[in-house]
Amino acid sequence: MFAATRLSTNSLVEIPRRVDPSRTRPCYHQGWMTLHSSFPRLLCFFGLCAWLSLQSASAPSVGAGNSQSANAKPVVHFTDIAQKAGLTAPVIFGGENTKKYIIETTGTGVAIFDYDNDGWPDIFVVNGTTLEASPTGKGPASYLYHNNHDGTFTDVTAKAGLTHTGWGQGVCVGDYDNDGFEDLYVTYYGKNVLYHNNGNGTFTEVGEKAHVAGSGKAWGTGCAFVDYDRDGKLDLIVANYVDYDSATALAPGERPACMWKGVPVMCGPRGLPWAKNILYHNLGNGRFEDVTAKAHIDQTNGHYSFSVSTLDYDDDGWPDIFVACDSTASILYHNNQDGTFTDVAVVAGAAFNDDGREQAGMGSTVGDYDGDGRLDLFKTNFSDDTSTLYRNNGDGTFDDKTFPAGFGLNTQYLGWGVMFADFDNDGWPDLLLVNGHVYPEVDSQHLGSNFREPKILYHNNGNGKFTDISANAGPAITAVSSARGLAVGDLWNDGRISAVISNMNAPPMLLVNDLRNGNHWIAFRTVGASPADRPLKKSSAASAQTSTSPLHAASFTSSTSSTSFASSRDGIGAKITVKAGTRTLVDEVRSGSSYISNSDMRVHFGLGSATKIDSVQVRWPSGLVERFDNLPVDSIHTLKEGSGTPVGIAVKKN
Ligand SMILES: [Ca+2]
Ligand SMILES: [Ca+2]
Ligand SMILES: [Ca+2]
Ligand SMILES: [Ca+2]
């Protein structure tokens, strides 16, 4: 062990609790349906609504179907402390009351990361601009907030040198030069920005120098650092939304695609040319090479790409990439282990919903919701549609479990940011969704939706099903906003997962769970080693341990010989497996996810009543599999590659 640090509980000011019992959840709004609906879903939809109406007759308050009664005992209780904490600057993004062009609608992402390595996660909120802003004038910058450890944050944007302005979109975090300080990539409509962390509280913009700024004509959205070739140098995937030119953009109502429910609205994405995603290979000298064509990333035609979530869905040790796409099929780039990718979303069952229908994918998140050791996918979509849960079958395919898992009822909101996180630390990852419509016109034209919408919090029941606990999870969940980006993290190192939300033309929200329970937890920060400094212990215990890991046994030999692979310094892509009692908990160290956001990359597991864990195993991107012993619960541990007990080396090549 490099360090097993027990961090003290913070002195965060307790927030008064208040529950809003007045919140209601209509099943559907009016009789209309849109082209987003299909006949089978309609039958199902109205069948559920009929059932729900019966339920509602006997229970007029909130709480039908998979919704929790407002009188039930709260599981978590979120309060928005953004104002008190100092997150006061509004996100500027296009017009407030009308959105003339699609560029004004997509909003921005959020990152939670520790930029100064003081052990306390900080917050970065991407900012946009307006159509009226002068291209040469000083627009609003994005915001970096330093964590003061006491429940407050200080705006350090200017001091840190994060001065870039423009149509900011997504953000992802990764230490691309392996110097021990996390760097920041921010996508724009226009040139993208790479902020190199200088290690002294300041950043230097090196996008052009590093060859990752792009052409300046693309509309970057989601991004993630991912070491796809496992050479220990983080590469970068950048999603692009539409091929958009503000000089020639059509005005609302000019085409059929610029009408929604009979009302002229901004045009797109339908009717606009699609854009291709970009993959940059890290050359290791501070520069990247555009390998989009070489890696076959450009062989996915006709997508409007939004958010990126990386995961090794087929557990072959090579990171794969999921991209949620607006109004088109999702992309699942399978890593072919030879520097190329193939989009397998259709054959894997992750492109469409259960009806075989395209959905308007916005955000996505990865987590093992059913505890079978395989990472599942969840995706948010447009209003008048459900979100989508894809269960990983373990054979390279997914099944749409949206309805069996209890996600069929909430079709009224337009979803964006979404994260699996175990908010009550019971050992089962819950789901937080943030919502908001794209058209402000829905308010004035009474189109059955609201521009500002509440959030949805689903509690994982541990049996493959979720319960909507929004009505009873605190005022921050029921508060409305037109939300976009969402990142989660343990901001005060006390095991409670908080959430930061970027709102359209409003300040961000900082959701803190002020309900404590007796459940235990454990979290990990990973530090990868380069091949040169990875000391492999020659342990006789190593080979004996191989068979104790059914999850990995098929993929690994007991060899402790070195491989040609390496891990990045921050361990992105490392897979962590925790065993506690009968449970096996898995997750990976992950850069960008949610809706064009980046959550705390430390991997957090709730443990329920377990006061000890039986084993922690890390499969590093280098291939080294190590066991770390005797780690106490209720602590954040730093796991340094090469300091544990080696269990094996991944050598299998499919
Ligand atoms: Ca760095
Ligand atoms: Ca690489
Ligand atoms: Ca894989
Ligand atoms: Ca939970």
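Rules and cut-offs
- Residues numbered from 1 in each chain as written.
- Chains lettered and ligands numbered in written order.
- Predicted model: local features only at pLDDT ≥ 70, side-chain atom pairs only at ≥ 80, totals over all residues.
- Helix = DSSP H or I, 4+ residues; strand = E, 2+ residues; numbered from the N terminus.
- Buried ≥ 20, exposed ≤ 12 C-beta atoms within 10 Å, placed from the backbone.
- Contact = placed C-beta atoms within 7 Å.
- Pairing = 2+ DSSP bridges.
- Axes fitted to C-alpha atoms, helices over the stretch in contact; angles between N-to-C directions.
- Core = buried A, V, L, I, M, F, W, Y, C linked by C-beta atoms within 7 Å.
- pLDDT = per-residue confidence, 0-100.

## Here we look at the overall build of the chain
Okay, step 1: Counting its secondary structure elements, the chain contains eight helices and 39 strands.
Okay, step 2: Out of the 654 residues in the chain, the part that is buried amounts to 56%.
Okay, step 3: Counting contacts in the chain only where the partners sit at least 6 residues apart, residues at least 24 apart contribute 64% of the total.

## As for the sheet that holds strand S38 (residues 635–640)
Paired through their backbone hydrogen bonds, the strands of a sheet run either parallel or antiparallel.
Okay, step 1: In space, the three strands of this open sheet follow the order S35-S31-S38, with mixed pairing throughout. In this open sheet, the two strands that pair with only one neighbour each are strand S35 (603–608) and S38. With strand direction ignored, the average angle separating the axes of adjacent strands in the sheet is 25°.
Okay, step 2: Bridging between strand S31 (residues 520–527) and S38 involves six bridges; their strand directions are parallel. Opposite Val-527, over in S38, you have Lys-640 as the bridge partner.

## Description of the nonpolar core
Okay, step 1: Membership of the largest hydrophobic core comes to 168 residues, with the highest contact counts inside it found for Leu-432 and Leu-486.
Okay, step 2: Excluding residues that lie within four positions of it along the chain, Leu-432 makes contacts with Val-418, Met-419, Ala-421, Lys-455, Leu-457, Leu-486, Val-488 and Ala-499.

## Looking at the sheet that holds strand S26 (residues 456–460)
Okay, step 1: Taking strand neighbours across the sheet as the criterion, the four strands line up as S24-S25-S26-S27 in an open arrangement whose pairing is antiparallel. Looking along the sheet, the strands with just one partner apiece sit at the ends: strand S24 (415–421) and strand S27 (466–468). Across the sheet, the mean angle separating the axes of adjacent strands is 20° when strand polarity is ignored.
Okay, step 2: Where S26 meets S27, three bridges bridge the pair, whose relative direction is antiparallel. Following the sheet pairing, Asn-460 is matched in S27 by Phe-466.

## Considering unusual backbone geometry
Okay, step 1: The omega torsion of the bond from Gly-268 to Pro-269 falls at 0°, within 30 degrees of zero and hence cis.
Okay, step 2: Along the polypeptide, Pro-269 turns up in the loop between strand S13 (263–264) and strand S14 (278–282).
Okay, step 3: Its identity is not glycine, yet Arg-230 carries a phi of approximately 55°, on the positive side.
Okay, step 4: In this fold, Arg-230 is placed in the loop between strand S10 (220–226) and strand S11 (235–240).
Okay, step 5: Overall, Arg-230 belongs to the buried group, with 24 C-beta atoms counted inside 10 Å.
Okay, step 6: The phi dihedral of His-446 falls on the positive side, at around 50°, and the residue is not glycine.
Okay, step 7: The residue His-446 is located in the loop between helix H5 (441–444) and S26 in this model.

## Details of the environment of Gly-109
Okay, step 1: Take Gly-109: it is sitting in the loop between helix H2 (82–85) and strand S2 (110–113).
Okay, step 2: Sequence separation of Gly-109 and Thr-221 is 112 residues, and the distance between their C-alpha atoms is 9.0 Å.
Okay, step 3: Excluding anything up to four places from it in sequence, Gly-109 contacts Val-126, Gln-169, Gly-170, Val-171, Gly-485, Ser-502, Tyr-595, Ile-596 and Ser-597.

## Considerations on the confidence of the model for the chain
Okay, step 1: Overall, the predicted model of the chain reaches an average pLDDT of 86, with 83% of residues at or above 70.
Okay, step 2: The low-confidence segment residues 534–561 (pLDDT under 50) makes 57 contacts with residues lying over four places distant or belonging to another chain.

## So, the pairing of strand S17 (residues 320–325)
Okay, step 1: Counted residue by residue, S17 has six buried out of six residues, so it is predominantly covered.
Okay, step 2: Across the two faces of S17 the burial is the same, with Asp-320, Phe-322 and Ala-324 and Ile-321, Val-323 and Cys-325 all buried.
Okay, step 3: Sheet topology note: the strand S16 (residues 305–311)/S17 ladder contains five bridges and is antiparallel. Looking at S17, one finds that Leu-311 is bridged to Asp-320.
Okay, step 4: In the sheet, S17 pairs with strand S18 (residues 331–335) via three bridges, with the strands oriented antiparallel. The residue bridging Val-323 from the neighbouring strand is Ile-331, located in S18.
Okay, step 5: The hairpin formed by S17 and S18 contains five residues between the paired strands, and Ser-327 there has a positive phi angle of roughly 65°.

## Remarks on the environment of Phe-203
Okay, step 1: Position of Phe-203 relative to the elements: it lies in strand S9 (residues 203–205).
Okay, step 2: For Phe-203, a count of 23 C-beta atoms within 10 Å corresponds to the buried category.
Okay, step 3: Each C-alpha atom, one on Phe-203 and one on Ala-160, is 5.8 Å from the other, the two residues being 43 residues apart in sequence.
Okay, step 4: Ignoring any residue separated from it by four or fewer positions in sequence, one finds Phe-203 in contact with Ala-160, Gly-161, Leu-162, Leu-184, Tyr-195, His-196, Asn-197 and Asn-198.

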